[in-house]
Amino acid sequence: MAQRASERVPAVSVVIPAYNQAHYLGDAVRSVLAQTFQDREIVVIDDGSDDDTPAVAAGFGAAVRYTRQDNQGLPSARNAGIKASRGQFVAFLDSDDVWLPGYLAEIIACFERSPSTAAVYTGWRHIDGSGQDLPAASRRVVEP
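So, a few notes on the structure that sits alongside this text. (Residues numbered from 1 in each chain as written. Predicted model: local features only at pLDDT ≥ 70, side-chain atom pairs only at ≥ 80, totals over all residues. Heavy atoms only, no water.)

### Re the overall build of the chain
Right, on to step 1. Each helix and strand counted, the chain has four helices and six strands in total.
Right, on to step 2. Taking contacts inside the chain between residues at least 6 apart in sequence as the whole, the part at least 24 apart equals 63%.
Right, on to step 3. With the model as given, the accessible surface of the chain reaches about 8900 Å², and the carbon-plus-sulfur share is 53%. (Helix = DSSP H or I, 4+ residues; strand = E, 2+ residues; numbered from the N terminus. Contact = heavy atoms within 4.5 Å. Areas by Shrake-Rupley, 256 points an atom, 1.4 Å probe, with all protein chains shown as cover.)

### Let's talk about the sheet that holds strand β4 (residues 89-92)
Sheet strands associate in pairs through backbone hydrogen bonding, adopting either a parallel or an antiparallel arrangement.
Right, on to step 1. The strand order across the open sheet built from four strands is β3-β2-β1-β4, with neighbouring strands paired in parallel fashion. Two strands close off the open sheet at either side, each with one partner strand: β3 (64-68) and β4. Taking the axes of each pair of neighbouring strands and ignoring which way they run, one obtains an average angle of 25° across the sheet.
Right, on to step 2. Strand direction decides the pairing type here: strand β1 (residues 12-18) and β4, joined by four bridges, are parallel. Its bridge partner lying in β4, Ser13 is registered against Val90. (Pairing = 2+ DSSP bridges. Axes fitted to C-alpha atoms, helices over the stretch in contact; angles between N-to-C directions.)

### Brief notes about the nonpolar core
Right, on to step 1. Ranked by size, the top nonpolar core spans 19 residues in total, and within it Val12, Val14, Ile16, Val29 and Val44 carry the most contacts.
Right, on to step 2. Every element with two or more residues in this core is listed here: β1, α1 (22-33), β2 (40-46) and α4 (103-113).
Right, on to step 3. Element by element, the count of residues in this core is highest for α1, at four residues.
Right, on to step 4. The contacts of Val29, once residues within four sequence positions are left out, are Ile16, Ile42, Val44, Phe60 and Val64. (Core = buried A, V, L, I, M, F, W, Y, C linked by side-chain atoms within 4.5 Å. Buried < 20%, exposed > 50% of the residue type's maximum accessible area, 1.4 Å probe, protein only.)

### Considering the pattern of salt bridges
Right, on to step 1. Taken as a whole, this structure holds six salt bridges when the rule is applied.
Right, on to step 2. Between Asp94 and Arg78 there is a salt bridge whose closest N-O contact spans 2.8 Å. Residue Asp94 is found in the loop between β4 and α4, and its partner Arg78 is found in helix α3 (residues 74-84); the two are separated by 16 residues along the sequence.
Right, on to step 3. On the basis of relative accessibility, which here comes to 27%, the residue Arg78 falls in the partly exposed class. (Salt bridge = Lys/Arg side-chain N within 4 Å of Asp/Glu carboxyl O.)

### Some words on α4
Right, on to step 1. Considered for burial, the residues of α4 that qualify are Leu104, Ile107, Ile108 and Phe111. Summarising the axial view, the buried residues of α4 lie within an arc of 95°, below the 170-degree limit, and thus occupy one face. In this structure, α4 carries Glu106, Glu112 and Arg113 as exposed residues pointing more than 90 degrees from its buried face.
Right, on to step 2. Elements that come into contact with the buried residues of α4 comprise β1, β2 and β4. (Arc of directions from axis to C-beta.)

### Focus on the side chain of Glu41
Right, on to step 1. With respect to the element layout, Glu41 can be found in strand β2.
Right, on to step 2. The contact partners of Glu41, leaving out residues within four places of it in the chain, are Pro10, Val12, Ser13, Val14, Arg65, Ala84, Ser85, Arg86 and Gly87.

### Things to note about the pairing of β3
Right, on to step 1. Relative to β3, β2 is paired through five bridges, and the arrangement is parallel. Paired with Val44 across the strands is Tyr66, a residue of β3.
Right, on to step 2. After leaving β2, the chain enters helix α2 (residues 53-58) and then returns to the sheet as β3, a path that is right-handed. (Right-handed = clockwise from strand over helix to strand, strands pointing away.)

### Digging into the environment of Ser85
Right, on to step 1. Of note, Ser85 is situated in the loop between α3 and β4.
Right, on to step 2. Residue Ser85 is classed as buried on the basis of its relative accessible area, which comes to 17%.
Right, on to step 3. Separated by 20 residues in sequence, Ser85 and Arg65 have C-alpha atoms that sit 9.5 Å apart.
Right, on to step 4. Discounting chain neighbours no more than four positions away, the residues touching Ser85 are Ser13, Val15, Glu41, Arg65 and Val90.
Right, on to step 5. A polar atom in the side chain of Ser85 sits 2.6 Å from the backbone oxygen of Gly81. (Polar contact = N/O pair within 3.5 Å; in protein donor to acceptor, adjacent residues only side chain to side chain.)

Remember that the coordinates give geometry; whether it matters functionally is a separate question.
This is how it looks when you write it as C-alpha cells:
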C-alpha cells in the first residue's frame, strides 16, 4: 500500500485480531489508549465476527482503524493486520487481553537500547474477571 506523503508514520502499529470478542475488545482497546507511549496506531482486524465487534470498534471513532474480513482464522487476521500497519514496529494484542500502561514504553526502550534487536517478547499473567491473579504466569527473562 502506497503511503501518502502527508501521512504521519506511527512508531508502533498495535494489531488486534478479533473474532466474536465484542465483550472483551473494548477493554483491549482502552488498554492501548491508556499507554504512556502514545506514538501508535490501533488496527482492529475483525475476522468475520457475528456479534457486536464492529460496533465496539466503531465506538472508538478515529482512534481505531477497523478492517473486516471473512473468517479465516487468527493467523490470517494477524497477517491482515501486518499488511494494514503503517508503524515502524508491529505489536500484537489479542482481543481478550489488556496491557499495563507502561507496556509499549518498555518494549520501545528495548529497541532503543539495542537497535539490532529484531523482536521482543514479554511475560504474562492470568487474571480472573475481577482482576485477581490466577496461579499461572510467565516471568522468564532471556538476556541478549
